[in-house]
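A closer look at the structure
Here's the letter readout for the chains.
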Amino acid sequence: PYGNDIRSLVEAFRKVRDIDHPVVVHLNTQKGKGYAPAETRREFFHYQAPFDIATGELISISCTETYDDIFAGHMLDRMAADPRIAVITAGTPGVLGFTPERRQKAGRQFIDVGIAEQEAVALASGMARAGARPVFGVVSSFLQRAYDQLSQDVAINGTPVVLNIFYGSVAGMTD
């Protein structure tokens, strides 16, 4: 069922509530469901600064260059100069400034493991061990999902993984 449809959720839970064995109920929730600008521009509206509800356009941006733009530009320059460098994200490419165009430019040097920070850290450690230079960009509050991997895979093994932690302070959308 869809997580946006309360009636279908109630129906699905009623169907499985008396089953005497484990059951998985898979829900698909779409962010922005029912708001046309968000449905047509899903990545843009994954997270966003203040915007005009009628048009879906940003109200204003206080600066012309944001931290994510600086990070993505710098990393693309570094990646072009050194094929061992790879940028890894766990489902938040926009936070890192890696728009679809920048991801295409980066090619296989950009890796998105989906919402799996632990996998991103383990992957980065394995890549570093094999001679790559991985850079894992992560939202600060999501990093807690990978504490075991930071300890077991990176720290204990002494692998040179670069962590770029976004929103790690009191900051607005431009960090």
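Summarised in this report is the structure supplied together with it.

**Overview of the environment of Tyr35**
- Mapping Tyr35 onto the fold places it in the loop between α1 (6-16) and α2 (36-40).
- Considering only alpha carbons, one finds Tyr35 and Ala54, 19 residues apart in sequence, at a separation of 9.8 Å.
- With residues near it in sequence (within four places) discarded, Tyr35 still touches Phe45, Phe51, Asp52, Ile53 and Gly56.
- Polar side-chain contacts of Tyr35 include one of 2.8 Å to the backbone oxygen of Ile53.

**Digging into the sheet that holds strand β3 (residues 133-139)**
- With parallel pairing, the four strands of this open sheet are ordered in space as β2-β1-β3-β4. The two strands at the open ends of the sheet, each matched to only one other strand, are β2 (110-112) and β4 (162-166). Across the sheet, the mean angle from the axis of one strand to that of its neighbour is 20 degrees, orientation sign disregarded.
- Both β3 and β4 contribute to a ladder of five bridges, which runs parallel. Paired with Val139 across the two strands is Phe166, which belongs to β4.
- Taken strand by strand, helix α5 (residues 117-129) contacts β1 (85-89), β2 and β3, and its axis lies near 165 degrees from that of β3.

**A short note on the nonpolar core**
- In terms of nonpolar packing, the biggest core is built from 16 residues, with Ile88, Ala120, Val121, Met127, Phe136, Leu143 and Val161 touching the most fellow members.
- Broken down by secondary-structure element, the contributors of at least two residues to this core are β1, α5, β3 and α6 (147-155).
- Among the elements that make up this core, the one with the highest residue count is α5 (five residues).
- Setting aside residues up to four positions removed in sequence, Leu143 forms contacts with Phe136, Val138, Leu150 and Ile165.
- One finds Ala72, Ile85, Val95 and Val139 within the second-largest nonpolar core, a separate group that totals 15 residues.

**A short note on the pattern of salt bridges**
- In this structure the tally under the stated criterion is six salt bridges.
- Residue Asp69 pairs with Arg102 through a salt bridge whose shortest N-O separation is 3.0 Å. Here Asp69, found in helix α3 (residues 67-81), pairs with Arg102, found in helix α4 (residues 100-106); they are 33 residues apart in sequence, far enough to count as distant.
- Judged by relative accessible area, Asp69 falls into the partly exposed class, the value being 29%.
- Here Arg84 and Asp82 are joined by a salt bridge, their closest N and O atoms 3.0 Å apart.

What counts as what
- Residues numbered from 1 in each chain as written.
- Predicted model: local features only at pLDDT ≥ 70, side-chain atom pairs only at ≥ 80, totals over all residues.
- Heavy atoms only, no water.
- Helix = DSSP H or I, 4+ residues; strand = E, 2+ residues; numbered from the N terminus.
- Contact = heavy atoms within 4.5 Å.
- Polar contact = N/O pair within 3.5 Å; in protein donor to acceptor, adjacent residues only side chain to side chain.
- Pairing = 2+ DSSP bridges.
- Axes fitted to C-alpha atoms, helices over the stretch in contact; angles between N-to-C directions.
- Core = buried A, V, L, I, M, F, W, Y, C linked by side-chain atoms within 4.5 Å.
- Buried < 20%, exposed > 50% of the residue type's maximum accessible area, 1.4 Å probe, protein only.
- Salt bridge = Lys/Arg side-chain N within 4 Å of Asp/Glu carboxyl O.

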